[in-house]
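# Architecture and fold: a report
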Amino acid sequence: MGLSRHEITKDVLQQYVEAALSTAGGVAAICFDAARRVTSELGAFGTEVFEIREASRRAQEDDATNPEGR
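Residues numbered from 1 in each chain as written. Predicted model: local features only at pLDDT ≥ 70, side-chain atom pairs only at ≥ 80, totals over all residues. Heavy atoms only, no water.

A separate point is the overall build of the protein. Helix and strand content of the protein: 1 helix and 0 strands. The globule rule puts the C-alpha radius of gyration for 70 residues at 11 Å, and the 30 Å found for the protein is more than 25% above it. Structurally, the protein occupies a C-alpha span of about 100 × 10 × 10 Å along its principal axes. Sorting the 70 residues of the protein into buried and exposed places 0% on the buried side. Total accessible area on the protein is roughly 6400 Å²; 62% of this is exposed by carbon and sulfur atoms. (Helix = DSSP H or I, 4+ residues; strand = E, 2+ residues; numbered from the N terminus. Rg over C-alpha atoms; globule rule 2.2 N^0.38 Å. Buried < 20%, exposed > 50% of the residue type's maximum accessible area, 1.4 Å probe, protein only. Areas by Shrake-Rupley, 256 points an atom, 1.4 Å probe, with all protein chains shown as cover.)

Right under this line is the structure:
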C-alpha cells in the first residue's frame, strides 16, 4: 500500500518546518554568541576606562604632593 498524497504533503511540510527551525536555531545561536562577545568586549573597555581614571587620579595626587617633580 502506497502513501497517500496528503501523507506525502504532510511529510514534506514537516521536513520544511524542521529545516526552517534548525536554521533559525543556528542563526539564534550565532546572534546570542555575538551578543555575549560584544558584552564581554564592552566590559573589558569599561575596566580599562576605570584603570585609566584611577591612574590619572593617582598621578594628580602625586603631582599635588610633589609640585616640583621630585
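Resuming the write-up.
What follows deals with the environment of Ala-20. By secondary structure assignment, the location of Ala-20 is in helix H1 (residues 5-65). For Ala-20 and Thr-47, which are 27 residues apart along the polypeptide, the C-alpha to C-alpha distance reads 41 Å.

On to a nonpolar patch on the surface. A grouping of Leu-3, Ile-8, Val-12, Leu-13, Tyr-16, Val-17 and Leu-21 is seen on the molecular surface, where their side chains present a nonpolar patch of about 700 Å² in accessible area. Along the chain, Val-17 turns up in helix H1. Using a relative accessible area of 47% as the deciding quantity, one classes Val-17 as partly exposed. (Patch = residues over 30% accessible without salt bridge, like charges linked within 9 Å, V, L, I, M, F, W, Y side chains within 5 Å. Salt bridge = Lys/Arg side-chain N within 4 Å of Asp/Glu carboxyl O.)

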